[in-house]
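# Coordinate analysis (summary)
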Amino acid sequence: MNLFGSYDVVVTGAGSSGIVAAIRAAREGAKVLLLEGTGFLGGLITGGRLTKPTGLINSAIFHEMLDRCVGYRGADGRVRESYWGKYTGTFDAETMQRVIIEMVEESGVEVLLRATVTETVVKDNAVHGLVIRTKSGESLVLAKAFVDASGDGDVAALAGAKFMLGRQGDGLTQPITSYFRLLNVNVPALIADCEKHRDDMWEVVYPKEAGDNNEDYVMAVLLTGFQQRIKDKVAEGFDWIVPKDHITMKTGLIPGEISVNVTRFQGNGLDDRDLSQAEIEIRKQAYCAYDFLQRFVGGFENAIFLEVAPKLGIRETRRVVGHYVLTEDDVRGNKRFDDAIGLCNSPVDVHEPGGSNAIMDHIGIGYGIPFRTMVPLELDNIIMAGRCISSDEIAFGSTRNVPACTMTGEAAAVAAALAAARGVPISKIEAADVQARLRELGVWLGTPDEDVPEVLQANG
C-alpha cells in the first residue's frame with residue numbers, strides 16, 4: 001500500500017474542534033496532517049452556517065479566529081447575553097472560512113480534503129496509523145499521535161473504542177437539522193412584530209439603540225419563539241410539516257439577511273439511508289417554514305429564499321467512553337475538576353429525540369471539562385476532541401456546542417504535540433502538563449482553585 005506520509009500529529013475532521021487542534025498542534029512545533037471528508041474547512045461553522053457560538057469562547061485559537069473575522073468586518077466580537085446565558089459574538093461563515101484558510105496555511109498544517117478513514121492500524125491497543133481513501137485510492141498515514149475530531153468518533157470506533165449512542169432506554173439521538181437563509185427581510189418590522197407578540201417569544205435580543213434601517217441590526221439579533229402562532233395557524237389549516245413547535249432566527253452580515261433554525265429530522269447520523277432522506281426532508285421543511293414566515297410574520301413579506309446550508313447539522317452520534325463520563329449533575333452543578341482543561345458556560349441544549357420540544361437551560365457560571373473525558377478507555381495514542389468526548393446524554397447538550405468543542409480541540413492538540421515531542425504515548429501525558437500550557441495561553445480551566453472570570457461573575 002502507498003505510504004501517504006508520516007507525521008507527528010494527525011487530526012481527523014476539520015470542524016471547529018479539528019481546525020483549532022490542527023493549528024495549535026502545528027504552533028506547538030508538530031508536523032501536522034489535517035484530514036477532512038468534505039471539500040471545505042470549518043464544518044458546521046462554515047458549511048453549516050452555525051455562526052453564533054452558544055456560550056463564551058474560551059479557546060485561544062478560536063479567539064484569534066473571531067478577532068480576525070472582526071478585522072475583516074465579518075464578525076461581531078462583543079459579548080452578548082440571552083436568557084440562557086452569555087455568548088461571544090457572531091460571525092459570517094465565508095469570512096470565517098477565509099480566516100481558517102489563512103491560519104491553517106500560516107501554521108504549516110498540511111490539509112487533505114475529500115479523504116475518508118477506512119481502517120486503523122492498531123498494535124498493543126495503541127493507534128499507529130490510518131488507512132485513508134481518496135480519489136487516488138487507498139493510502140497509509142502514520143503518526144506519533146492522533147486527534148479524533150470527526151464529531152462522530154469515527155477513528156476511535158474503527159480502532160475498537162467503546163462508545164455510547166443516544167439516550168438510555170430507546171437509543172434515540174437528538175434530531176438532524178440545517179439552517180436556511182433568507183434575504184430582503186425587513187428586520188425593524190420583524191422586531192416590531194416580535195415585540196407586539198412578546199408573550200409568544202422566548203427571547204428577543206437586538207441592539208436597543210438601533211433605528212429603522214436593516215444595517216443597524218447586522219449580526220446582532222437573536223429571536224426565538226412563535227410557538228403559539230404556529231399552533232394557531234395549524235388550527236386554521238396551515239400545513240406545518242416541521243416536527244418542531246418553535247422557530248429560532250438570527251441576523252447575518254448582509255443587511256436584511258436572516259438565518260433560520262427550525263428544521264428537524266429524526267434519524268441516525270451514522271446511517272446512510274437516514275442521512276440521504278434527511279437532506280431531502282429538511283429542504284421540504286425549510287420551504288414550509290419560509291411559506292409560514294412570509295404569510296404570518298411581519299417583515300418577511302418580500303423575503304427571498306437564498307439557500308439551505310450545504311452541510312447537515314448532525315447534533316448527536318457517538319460519545320466515546322473515556323476515563324470519566326461527564327454527567328448532567330456535573331454540568332448543572334458547575335462542578336470543578338482537578339484535571340479540567342476548560343471552563344464552559346454553554347447551556348444544556350437538548351432537542352427532544354423523537355419529539356417536537358427542546359430545552360435550553362442556563363447553567364450559571366459554568367463547569368470544568370475534565371481531561372479524562374477526552375482519553376478513551378483501553379485505547380492509546382489517540383485523544384478525542386469535539387462533540388464525541390465522554391459525557392452522558394444530557395451533559396452532551398452542553399458539550400456539543402462550539403465553545404466546548406474548541407476548548408477540547410485546543411487541549412487535545414497540546415497533549416498530542418507533547419506526546420509526539422517526547423516520543424511517548426498520549427497516556428503518558430499528565431493533565432497538569434496540558435493545563436500548564438493552557439494557562440500560558442490564557443484559557444480558563446475550571447479547576448477548583450481557579451477564580452471565576454470577571455465576564456461570568458454577573459451570571460453567578
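The structure reproduced in this document is the subject of the present report.

Here is what the cut-offs are and how they apply
- Residues numbered from 1 in each chain as written.
- Predicted model: local features only at pLDDT ≥ 70, side-chain atom pairs only at ≥ 80, totals over all residues.
- Heavy atoms only, no water.
- Buried < 20%, exposed > 50% of the residue type's maximum accessible area, 1.4 Å probe, protein only.
- Helix = DSSP H or I, 4+ residues; strand = E, 2+ residues; numbered from the N terminus.
- Pairing = 2+ DSSP bridges.
- Polar contact = N/O pair within 3.5 Å; in protein donor to acceptor, adjacent residues only side chain to side chain.
- Contact = heavy atoms within 4.5 Å.
- 1 Å grid on protein atoms, 1.4 Å probe; cavity = no way out; pocket = protein on both sides within 12 Å on 5 of 7 lines; lining within 4 Å.
- Points joined across faces, edges and corners; volume = space filled by probe spheres on them.
- Nonpolar A, V, L, I, M, F, W, Y, C, P; charged D, E, K, R; others polar.
- Axes fitted to C-alpha atoms, helices over the stretch in contact; angles between N-to-C directions.
- Parallel < 35°, antiparallel > 145°, perpendicular 65-115°, else oblique.
- Left-handed = near helix turned anticlockwise from the far one by under 90°.

### Some thoughts on the pairing of strand S17 (residues 340-344)
Buried residues dominate S17, accounting for five of its five residues. Alignment of S17 against strand S20 (residues 367-370), held across three bridges, turns out to be antiparallel. Counterpart to Leu 343 in the pairing with S20 is Gly 368.

### Considerations on the side chain of Arg 49
Turning to its location among the elements, Arg 49 is positioned in the loop between strand S2 (32-35) and helix H2 (60-71). A distance of 2.6 Å separates the side chain of Arg 49 from the side chain of Glu 307, its partner in a polar contact. The contact partners of Arg 49, leaving out residues within four places of it in the chain, are Leu 44, Ala 93, Tyr 179, Arg 181, Lys 250, Glu 307, Ala 309 and Pro 310.

### Re the environment of Val 452
Examined against the element boundaries, Val 452 turns out to sit in the loop between helix H11 (431-440) and helix H12 (454-457). Sequence separation between Val 452 and Leu 343 is 109 residues; the distance between their C-alpha atoms is 9.2 Å. Not counting chain neighbours up to four residues away, the residues in contact with Val 452 comprise Arg 336, Ile 365 and Gln 457.

### Overview of empty space enclosed by the protein
Under the counting rule described, the total for this entry stands at two cavities of 30 Å³ or more. In this structure, the largest cavity spans a volume of roughly 50 Å³. The wall of the largest cavity is formed by Lys 52, Arg 80, Tyr 87, Thr 90, Met 219, Ala 220, Val 221, Leu 222, Lys 250 and Thr 251. For the lining of the largest cavity, the elements supplying multiple residues, two or more each, are strand S4 (85-91) and strand S13 (247-251). Grouping the constituent residues of the lining of the largest cavity by class yields five nonpolar, two polar and three charged. Empty space within the second largest cavity amounts to approximately 30 Å³. Around the second largest cavity, the lining residues are Val 187, Asn 214, Tyr 217, Val 218, Thr 251, Gly 252, Ile 254, Pro 255, Gly 256 and Glu 257.

### Focus: the packing of helix H1 (residues 16-27) against helix H10 (residues 402-422)
Contact geometry for H1 and H10: axes closest at 7 Å, N-to-C directions at 30°. Classed by the angle they form, the pair H1 and H10 counts as roughly parallel. Classified by chirality, the crossing of H10 by H1 is right-handed. Packed against H1, whose contacting residues are Ser 16, Ser 17, Val 20, Ala 21, Arg 24 and Ala 25, the element H10 presents Val 402, Cys 405, Thr 406, Gly 409, Glu 410, Ala 413, Val 414 and Ala 417 at the interface. Here the contact of H1 with H10 is built from residues that sort into eight nonpolar, four polar and two charged.

### Some thoughts on the sheet that holds strand S12 (residues 222-225)
The strand order across the open sheet formed by six strands is S11-S12-S13-S14-S10-S15, and the pairing between neighbours is antiparallel. This sheet does not close on itself; its edge strands, each paired only once, are strand S11 (201-205) and strand S15 (304-308). The mean angle between the axes of side-by-side strands here comes to 20°, regardless of whether they run parallel or antiparallel. As paired strands, strand S10 (residues 180-183) and S15 are joined by four bridges and run antiparallel to one another. By the bridge assignment, Arg 181 is partnered in S15 with Glu 307. Across the sheet, helix H5 (residues 187-196) is in contact with S11, S12, S13 and strand S14 (258-261); its angle to S11 comes to roughly 140°. Lying over the sheet, helix H7 (residues 272-296) contacts S10, S13, S14 and S15, oriented at roughly 155° with respect to S15.

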